[in-house]
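Architecture and fold: a report
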Amino acid sequence: MISAKMQAAINAQINAEMWSAYLYLAMSNDAAHKGLKGVSHWFRKQYDEEMVHAFKFASYLQSQMAKVELKPIAKVDTEWSNVVKMFEQTIAHEKKVTSLIVALCDQAAKEKDYATSNMLQWYVNEQIEEEETAQGILDALNMIGDDKAAFYMFDKELGTR
Ligand code: OFO
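Scoring rules and cut-offs
- Residues numbered from 1 in each chain as written.
- Predicted model: local features only at pLDDT ≥ 70, side-chain atom pairs only at ≥ 80, totals over all residues.
- Heavy atoms only, no water.
- Core = buried A, V, L, I, M, F, W, Y, C linked by side-chain atoms within 4.5 Å.
- Buried < 20%, exposed > 50% of the residue type's maximum accessible area, 1.4 Å probe, protein only.
- Helix = DSSP H or I, 4+ residues; strand = E, 2+ residues; numbered from the N terminus.
- Lys, Arg positive; Asp, Glu negative; His and termini not counted.
- Salt bridge = Lys/Arg side-chain N within 4 Å of Asp/Glu carboxyl O.
- Phe/Tyr/Trp six-rings, centres within 6.5 Å; stacked < 30°, edge-to-face > 60°.
- Lys NZ or Arg CZ within 6 Å of the ring centre and 35° of its normal.

Here the focus is the nonpolar core. In this structure, Val-39, Phe-43, Phe-87 and Phe-154 are the most contacted members of the largest nonpolar core, which totals 22 residues. Mapped by element, the contributors of at least two residues to this core are helix 1 (4–33), helix 2 (37–63), helix 3 (83–110), helix 4 (114–144) and helix 5 (148–158).

Structure, rendered in C-alpha cells:
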C-alpha cells in the first residue's frame, strides 16, 4: 500500500500526463489545419503516448489498491505561429514533466517506497527519450530554415512515425 501523499502525487501526475496529451492533440489539430499532415500525425502519436503514460500510472495505483482520481484538465493553446514554436514548447514542456517525475522520485525515496521508486524508473528513461526526440526534431527544423523542399521532406518523414 502506498501513502496517501504518494497517491495524491501520482493522481496529480495522471492529470499532468493527460494535460500533455491534450496539448499535443491541440498541436496535431493546428498542424492539420495548416495542411501539415506529417506534423499532425507525429503529434497525434505523441497524444497516444501521453495517454499511455497516464494509464500506466492509473494501473499502478490500482495495483496498489489506491484510488484513481481524475481531475479537470486545464485549457491548452490551440494555435501556434509555426512548427518551430510547437517543438520549442514541446521541449520546454517535456523538461517541466521531467522535473515533475524527479519530484515524484524524491518523494518515493523520502518515504522509502521502493515499489514506487522502481515503477518511476520507466518514466525517468522515457523522459530522456522524449526530450532527446523533441530536441532532435527542433535541430532538424533549424537546419531546414527557409528551405521549402527540405521542409516538405521533413513533414513527410514525421508522417512515418
Ligand atoms: Fe508523459 O512524457 Fe511527455 O509529457
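So, on to the side chain of Glu-126. Structurally, Glu-126 can be placed in helix 4. Buried and without a salt bridge, Glu-126 has Arg-161 as its closest oppositely charged side chain, separated by 7.0 Å.

Further remarks concern the packing of aromatic side chains. Per the stated rule, a full pass over the model turns up seven aromatic pairs. Relative to Phe-43, the ring of Trp-42 has its centre 5.1 Å away and its plane inclined at 85°; by these criteria the two rings are edge-to-face. Summarising the burial analysis for this pair, Trp-42 and Phe-43 share the class buried. Taking the ring centre of Trp-122 as reference, the NZ or CZ of Lys-56 above it sits at 4.5 Å.

With that settled, consider the pattern of salt bridges. On inspection of all chains with the given rule, the structure shows five salt bridges. One salt bridge in this structure joins Asp-30 and Lys-34, with 2.7 Å as the shortest N-O distance. Judged by relative accessible area, Asp-30 falls into the buried class, the value being 4%. Between Lys-71 and Glu-69 there is a salt bridge whose closest N-O contact spans 3.7 Å. Since its relative accessible area comes to 37%, Glu-69 is described here as partly exposed.

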